[in-house]
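Examining the three-dimensional arrangement
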Amino acid sequence: MLTRTSTQSLTGQLADRLAERIRTRLLPPGARLPSVRECARQQGVSPYTVVAAYDQLLAQGLVEARRQRGFYVRDSAPVQDQRAPANAAPLAKPMMASRVPADASSLIRSMFHRPSDKPQPGMGLFPPDWMTSTFMPTAVRRMTSTAALQELSLQYGEPAGDMGLRRSLSQKLVGINVPASPDQIITTIGATHALDVVSRTLLRAGDPVMVEEPGWALEFARLEALGMRILPVPRRADGPDLEVMAQYCKLHSPKLFVSVSVLHNPTGYSLTPGSAHRVLKLANEYDFHIVEDDTYSHLAPEHATRLSALDGLQRTIYVSGFAKILAPNWRIGFLAAPPALKERMLETKLLATLTSPTLFERALSWCIDQGQLRRHSERVRIRLDGARARTVKLAMSHGCTFASEPAGLFGWVDTGVDTDAMTQRMLDEGYLLAPGSLFHARRPPSTMMRINFATSQDATFWKVFSKVRSEL
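**Observations regarding the nonpolar core**
As a rule of thumb, soluble globular proteins bury nonpolar side chains together. Membership of the largest hydrophobic core comes to 63 residues, with the highest contact counts inside it found for F126, L173, F322, L326, M426 and W462. Per-element tally for this core: the top contributor is helix 16 (residues 372–397), with seven residues. Non-local contacts of L326, meaning those with residues more than four positions away in its chain, are made with M131, F135, M136, L364, L373 and H376. Counting residues in hydrophobic clusters, the runner-up holds 27 residues, among them A194, V197, L203 and L335.

**A word on the sheet that holds strand 3 (residues 185–188)**
On the basis of which strands lie adjacent, the open sheet formed by seven strands has the order 3-9-8-7-6-4-5 and mixed pairing. Every interior strand has two partners, whereas the edge strands, strand 3 and strand 5 (229–234), have only one. Direction aside, neighbouring strands of the sheet carry axes that sit 20 degrees apart on average. Across six bridges, strand 4 (residues 208–213) lies against strand 5 in parallel orientation. Residue pairing across strands places E213 opposite P234, the latter belonging to strand 5. Across the face of the sheet, helix 9 (residues 191–202) comes into contact with strand 3, strand 6 (256–259), strand 7 (289–293), strand 8 (316–321) and strand 9 (333–336) while running at roughly 155 degrees to strand 8.

**Re the pattern of salt bridges**
Counted according to the given criterion, the structure contains 17 salt bridges. For E38, the salt bridge is made with R41, and the minimal N-O distance between the two is 2.6 Å. Linking E38 with R41, this pair stays in helix 2 (residues 36–43), spanning three residues, or about one helical turn. The class for E38 is partly exposed, based on a relative accessible area of 29%. According to the relative accessible area criterion, R41 is exposed, its value standing at 59%.

**A short note on the side chain of S320**
The topology assignment puts S320 in strand 8. Here D294 takes part through its backbone oxygen, which lies 2.9 Å from a polar atom of the side chain of S320. Here S320 is in contact with A191, D294, T295, S297, H298, G333 and F334, once residues within four sequence places are set aside.

**Some words on the packing of helix 9 against helix 14 (residues 339–353)**
Orientation of helix 9 relative to helix 14, taken along the N-to-C sense of each, is 115 degrees, at an axis distance of 9 Å. Taken as axis vectors, helix 9 and helix 14 run roughly perpendicular relative to one another. Crossing geometry of helix 9 relative to helix 14 is assigned as right-handed. Residues H193, V197, V198, R200, T201 and L202 of helix 9 pack against L341, R344, M345, T348, K349 and T353 of helix 14.

**Topic: the packing of helix 3 (residues 47–59) against helix 17 (residues 419–428)**
For the pair helix 3 and helix 17, interaxial distance at closest approach is 9 Å and the crossing angle is 140 degrees. When the interaxial angle is binned, helix 3 and helix 17 end up oblique. Considering how the two elements wind past one another, helix 3 and helix 17 form a crossing that is left-handed. Packed against helix 3, whose contacting residues are Y48, T49, A52 and Q56, the element helix 17 presents Q424, L427 and D428 at the interface. For the contact of helix 3 with helix 17, a count of residues per class yields three nonpolar, three polar and one charged.

Criteria and thresholds
- Residues numbered from 1 in each chain as written.
- Predicted model: local features only at pLDDT ≥ 70, side-chain atom pairs only at ≥ 80, totals over all residues.
- Heavy atoms only, no water.
- Core = buried A, V, L, I, M, F, W, Y, C linked by side-chain atoms within 4.5 Å.
- Buried < 20%, exposed > 50% of the residue type's maximum accessible area, 1.4 Å probe, protein only.
- Helix = DSSP H or I, 4+ residues; strand = E, 2+ residues; numbered from the N terminus.
- Contact = heavy atoms within 4.5 Å.
- Pairing = 2+ DSSP bridges.
- Axes fitted to C-alpha atoms, helices over the stretch in contact; angles between N-to-C directions.
- Salt bridge = Lys/Arg side-chain N within 4 Å of Asp/Glu carboxyl O.
- Polar contact = N/O pair within 3.5 Å; in protein donor to acceptor, adjacent residues only side chain to side chain.
- Parallel < 35°, antiparallel > 145°, perpendicular 65-115°, else oblique.
- Left-handed = near helix turned anticlockwise from the far one by under 90°.
- Nonpolar A, V, L, I, M, F, W, Y, C, P; charged D, E, K, R; others polar.

Take a look at the structure:
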């Protein structure tokens, strides 16, 4: 039986048990593993514990995931020699067999397979009740009258995105001093898609790319999957480490620098004007572009320093979206590009998605033009300020320290223990964490974790956290 008193996490125990059955052919090649829900019921664990165990088996090459059909034992799964004597000692396990680092895809899956109904400190979104509004249904109803629905549904939209929304976005960017005409803006299926359009337009497999570290886990994973050579740049309070960037420029001639200037994920740092000017000077001297991910712009003051504002979209490409602040499932993002790059970016979008859904783009345009998005963002910022203050107090009272001044949505917390091991143990308790190793290109062990201030203000979580940490 799986046991919570074991020296190994429930996830590790379940993964090891299934791995042994696969290697001894008790689960033969082609056999289907129980569904996540069925396995969770059989073992008396949460569905997320099962998802995490199945992810470990995928990483070990023992199973494969078949879309909409489940998990199956691979034909090439390693098999234990069945001729060993019955009294032979079991194979010794590696010292760190239970320490399987979480990966970016696991964190993304967690957005769809929550470990439990408890608040989840590792999540990257606001709780749904923070996002509830009356104006969003109104905006959609306006776009779904019979005539409008026919118009929007029965033909492709504009390749660059709905012109009304691009005008609204252009006006919105004026407020943060980013000079982008509607013709320089391309809408995308979320900000992640915008980043992908930039990468696929400017880079080829093997190209060196500078990325801030710690940084967004998915960005490392995405660039790695595209075959790029990642050059991690340490992120400091005032901006990227300029000496490291200069060395990379001299040695590797990077094509692109990926940066979160404002409310950096996971540290909360914001770029200073002096650092911004020096970054732009390097870009001009060594001929590379900068993609500025401003996903958290809705939570930041308008006067915050942005590279795109200082540069005037010469070497910078500005990227943002609305999943974090308004509607995750509307999947609307956008990029603002230099005029010389706009058509190349548009061609990349066309090859991947043709166009993007006009219905939600027009609904968003209405939300912006009516001032609803601005007022909603203000309400969320006020609520987040209160949640941040409560969370910081709880974290520090349970022995944690903050590596950076708490700001924005995320906190960068030092726990004093290996947070990969902590993550697996907390999953057994129904809580998802975002361990520090996720936010580094080479995934080293770390005592850091990223917390979401909106979902970490629960005293019960911190009590469980403190108990599990003392056990580690």
